[in-house]
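Here is how the chains run, residue by residue.
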Amino acid sequence: MKKYYIIARNTWDEMLTYRVSFVMWRIRNIIQLLTIYFLWQVILPPGKTLLGYSQSLMLTYILGTSLIDSVVLSSRTYAVGEEINSGNLMNFLLRPINYFLYWFSKDIGDKAMNICFSIAELTLIFIILRPPFFIQTNPFYILFFVFSVILSLFIYFFLNFLLGLIGFWSPEVWAPRFIFITLLGFFAGSLFPLDILPKTIYEILRFLPFTYLLYFPLKIYLGQLSFLQIASGLAISIFWTFAIYFIVKATWQKGLKSYTAYGR
Amino acid sequence: MTISVSHLSKHFQVHQKEPGVIGSLKSLVLRKYETVKAVSDISFKINEGELIGFIGPNGAGKTTTLKCLSGLLYPTNGKISVLGFNPYDRKIEFLKKIALVMGQKNQLWWDLPPIDTFLLNKEIYGIENEKYNIVFEELTKLLDAKDILKVPVKKLSLGQRMKMELMASIIHSPKVLFLDEPTIGLDVLMQKKLREFLKEYNIRFKATIILTSHYMADVEQLCKRVIIINFGKIIFDGQLSNLIEQYAPYKKLSVIFREYVDPKKLDKLGNISNFQYPKLIINVPNKKINSTASSILKNFPVEDITIEDPQIEDIIEKVYTQEDKRKK
């Protein structure tokens, strides 16, 4: 569908008009990344292991989260709530366009830009720091890794969209989002691998969708999961993908009903 | 029949909040709802190619009606048919044939030039290249927009942006066009241009247009037929000329005297609305206009005399206030 391609392209162009702020934001990301990177390098000297992680595995995990972060955990759907509140949603309801796909296309444009920058940054880090990077060669793991990343992309998109839909009922769309972002930083495993947590806590996290956003795909990449673990993990993420999709769909229908009945 | 509305009503549940923190807390626990009847039981029919002025004071229900017609609001009661569709279904075929332009809502991409939004709309509406090019050229010429097509929207002035919003909204050449305050915030020259454009569009595309506006000049120059709405009800539906006859069957006669005239002598001329030497303004029934004018010319020292139609604003005001009184 060409219209969605153009939406993605326009989003890309739009980002280019704010080059400076985008570059600044990326620099912030790099600094954040380097902080965690050096921290782990000190905690885990070469040759030692911590809770089953050697230095190279841990550093790969940390750099990997950064890459997936920019592919998966970037979504522009935070603006959905504002559009509902400002009444701009009307513009979409009156045009033959799918609002979900509209935002998904915007996200694709956004992600494409972020992927380009991430790859450039990681290459730079790779050349300068020469980290002992773990490279997965087993195509079986790589395949499941990619599949799992795609699932997490959808989970994150729907979760974010859902948060935006709060706008149908309340103008305060930001407070829930801040809580969400904070929870996410912890539960998705962007600071450390989740399996270094006590086993009981991890067993609970395993059933939440957040685990499958970063931690799970990277564990597959590192080749640390058995086939059974991969299968059950994928099953849980597929379940969440559909569950959240249906929740978003139902919420959208309900919100639209009140929107069109009460007007704005 | 392009548009047919029968017994349309739209009520809103609006929740009431007392001012202040205590009011906010109260409303958290105990929400009071009040039903607001934005539109109650209105009916009208509009034929293809008509250009209708939809007027009424603030909060009369104009925008609500337009939203119902375009499918944004679900009617509480009544039936609407636009181009044979039920608007609320928002079928793709329906959406491709209509447009709602709201003076205060924007669809242009803020950081990009307008042409990018047009190209996106071209794909959204599935317009073929050839047809797009023709319409694009034509609209560019009609709106005199050649120089601003490639300037980022954020750098355009309000008037330029309105032009571009309008162009983005009608690039798919809709058969039915709803315009909500299209001239709001524009200067006199731009208003005039926009009016000329709408007139031209109406003729060239055989489009049916409903227009709401606070500027009576918009209505006067564009619309043969007007629908006046107040308190959610239609109080007049008909030709603009009939409205004038019905509510203002008089002409405005202004006279400038050369010498001082005794006001008492003027009394017998009829209903004097204002006399401040040397200027006299008098409202004369249409039938008596000739005799009154000639008697003034004969009996008084006149410097200048003009006969005008009453101002449309005055008439509308009269309609509103009469309705207000009836309400009370």
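Residues numbered from 1 in each chain as written. Chains lettered and ligands numbered in written order. Predicted model: local features only at pLDDT ≥ 70, side-chain atom pairs only at ≥ 80, totals over all residues. Heavy atoms only, no water.

Quick notes on the interface of chain A and chain B
Phase 1 of the analysis: Of the residues lining the interface, 29 residues belong to chain A; the matching set on chain B comes to 31 residues.
Phase 2 of the analysis: Here chain A meets chain B over a buried area of about 2,700 Å², counting both sides, of which 60% is carbon and sulfur.
Phase 3 of the analysis: Sorting the residues of chain A by area buried against chain B places Leu94, Arg95 and Pro96 of chain A first, and these three jointly supply 26% of that buried surface.
Phase 4 of the analysis: Applying the counting criterion to the chain A and chain B interface returns 1 salt bridge.
Phase 5 of the analysis: Where Lys2 of chain A meets Glu123 of chain B, a salt bridge forms, and the shortest distance between an N and an O atom there is 3.6 Å.
Phase 6 of the analysis: At the junction of chain A and chain B, the tally comes to 4 residue pairs in polar contact (both at pLDDT 80 or more).
Phase 7 of the analysis: Only helix H1 (2–17), helix H5 (89–93), helix H6 (99–129) and helix H11 (227–262) of chain A provide two or more residues apiece to the side of chain A that touches chain B.
Phase 8 of the analysis: Ranked by the residues each element gives to the side of chain A that touches chain B, the list is headed by H1 of chain A, at 9 residues. (Contact = heavy atoms within 4.5 Å. Buried area = accessible area lost by both parts, 1.4 Å probe. Salt bridge = Lys/Arg side-chain N within 4 Å of Asp/Glu carboxyl O. Polar contact = N/O pair within 3.5 Å; in protein donor to acceptor, adjacent residues only side chain to side chain. Helix = DSSP H or I, 4+ residues; strand = E, 2+ residues; numbered from the N terminus.)

Quick notes on the sheet that holds strand S13 (residues 302–308) of chain B
Residue and element names in this part refer to chain B.
Phase 1 of the analysis: The 4 strands lie next to each other as S11-S12-S10-S13, forming an open sheet whose pairing is antiparallel. In this open sheet, the two edge strands, each paired with only one partner strand, are strand S11 (272–276) and S13. Pairs of neighbouring strands in the sheet enclose a mean axial angle of 20 degrees, with direction left out of account.
Phase 2 of the analysis: Relative to S13, strand S10 (residues 250–257) is paired through 6 bridges, and the arrangement is antiparallel. Looking across to S13, one finds that Leu253 is bridged to Ile307. (Pairing = 2+ DSSP bridges. Axes fitted to C-alpha atoms, helices over the stretch in contact; angles between N-to-C directions.)

Quick notes on the packing of H1 of chain A against helix H4 (residues 114–124) of chain B
Phase 1 of the analysis: Between H1 of chain A and H4 of chain B, the least distance of the axes is 8 Å, while the angle of their chain directions is 160 degrees. In terms of orientation, H1 of chain A lies roughly antiparallel with respect to H4 of chain B. Judged by the twist between their axes, the crossing of H1 of chain A over H4 of chain B is left-handed. The segment H1 of chain A lies against H4 of chain B, with Lys2, Lys3, Ile6, Ile7 and Asn10 of chain A engaging Asp116, Leu119, Leu120, Glu123 and Ile124 of chain B.
Phase 2 of the analysis: In the contact of H1 of chain A with H4 of chain B, the residues fall into 5 nonpolar, 1 polar and 4 charged. (Parallel < 35°, antiparallel > 145°, perpendicular 65-115°, else oblique. Left-handed = near helix turned anticlockwise from the far one by under 90°. Nonpolar A, V, L, I, M, F, W, Y, C, P; charged D, E, K, R; others polar.)

A word on the environment of Glu14 of chain A
Phase 1 of the analysis: Secondary-structure assignment places Glu14 of chain A in helix H1.
Phase 2 of the analysis: A relative accessible area of 12% means that Glu14 of chain A is categorised as buried.
Phase 3 of the analysis: Residues Glu14 of chain A and Tyr221 of chain A, spaced 207 residues apart in sequence, show a C-alpha to C-alpha distance of 34 Å.
Phase 4 of the analysis: The residues contacting Glu14 of chain A, other than those within four sequence positions of it, are Arg76 and Lys106 of chain A together with Trp109, Asp111 and Leu112 of chain B. (Buried < 20%, exposed > 50% of the residue type's maximum accessible area, 1.4 Å probe, protein only.)

Focus on the domain arrangement of chain B
Phase 1 of the analysis: As assigned here, chain B comprises domain 1 (3–10 + 43–244) and domain 2 (249–309).
Phase 2 of the analysis: Its C-alpha centre places domain 1 of chain B at a distance of 43 Å from the equivalent point of domain 2 of chain B. (Domains from an automatic or database assignment.)

Topic: H1 of chain A
Phase 1 of the analysis: In a regular helix each residue adds 1.5 Å, so 16 residues correspond to 22 Å; H1 of chain A covers 23 Å between its end C-alpha atoms and thus fits that length.
Phase 2 of the analysis: Taken together, the buried positions of H1 of chain A are occupied by Lys3, Tyr4, Ile6, Ile7, Ala8, Asn10, Thr11, Glu14 and Met15 of chain A.
Phase 3 of the analysis: Contact partners of the buried residues in H1 of chain A: helix H2 (19–43) and H6 of chain A together with H4 of chain B. (Expected span 1.5 Å × (residues − 1).)

Focus: the packing of helix H7 (residues 139–165) of chain A against helix H8 (residues 174–187) of chain A
Residues and elements named next belong to chain A.
Phase 1 of the analysis: Two elements in contact, H7 and H8, have axes separated by 10 Å at closest approach and are oriented at 155 degrees. With respect to their mutual orientation, H7 and H8 come out roughly antiparallel. As for the relative orientation of H7 and H8, their crossing is right-handed in sense. Contact residues: Tyr156, Leu159, Asn160, Leu163 and Gly164 in H7; Pro176, Arg177, Phe180 and Leu184 in H8.
Phase 2 of the analysis: Considering only residue class, the contact of H7 with H8 consists of 6 nonpolar, 2 polar and 1 charged.

Brief notes about the sheet that holds strand S4 (residues 77–82) of chain B
Residues and elements named next belong to chain B.
Phase 1 of the analysis: Spatially, 3 strands are ordered S2-S1-S4 in an open sheet, and the strand pairing comes out antiparallel. A single partner strand is all that each edge strand has here, and the edge strands are strand S2 (32–46) and S4. Adjacent strand axes in the sheet meet at a mean angle of 30 degrees, parallel and antiparallel pairs treated alike.
Phase 2 of the analysis: As defined by bridge partners, strand S1 (residues 3–16) adjoins S4 across 5 bridges and the pair is classed as antiparallel. Bridging across to S4, Ser4 finds its partner in Ser81.
Phase 3 of the analysis: Helix H2 (residues 62–70) rests against S1, S2 and S4 of the sheet, and its axis sits at about 120 degrees to S1.

Some details on the pattern of salt bridges
Phase 1 of the analysis: Enumeration according to the criterion identifies 18 salt bridges over all chains in this entry.
Phase 2 of the analysis: Of the charged contacts in the structure, one is a salt bridge between Glu203 of chain A and Arg206 of chain A, with a shortest N-O distance of 3.6 Å.
Phase 3 of the analysis: Among the residues examined, Glu203 of chain A registers a relative accessible area of 34% and is labelled partly exposed.
Phase 4 of the analysis: Of the residues examined, Arg206 of chain A reaches a relative accessible area of 22% and is grouped as partly exposed.
Phase 5 of the analysis: Residue Lys251 of chain B is joined to Asp309 of chain B by a salt bridge in which the shortest nitrogen-to-oxygen separation is 3.2 Å. Taken together, the residues Lys251 of chain B in strand S10 and Asp309 of chain B in the loop between S13 and helix H12 (312–327) connect sequence positions 58 residues apart.
Phase 6 of the analysis: We classify Asp309 of chain B as partly exposed; its relative accessible area is 48%.
Phase 7 of the analysis: Among the charged side chains, a network of salt bridges with common partners joins Glu14, Arg76, Lys106 and Asp110 of chain A.

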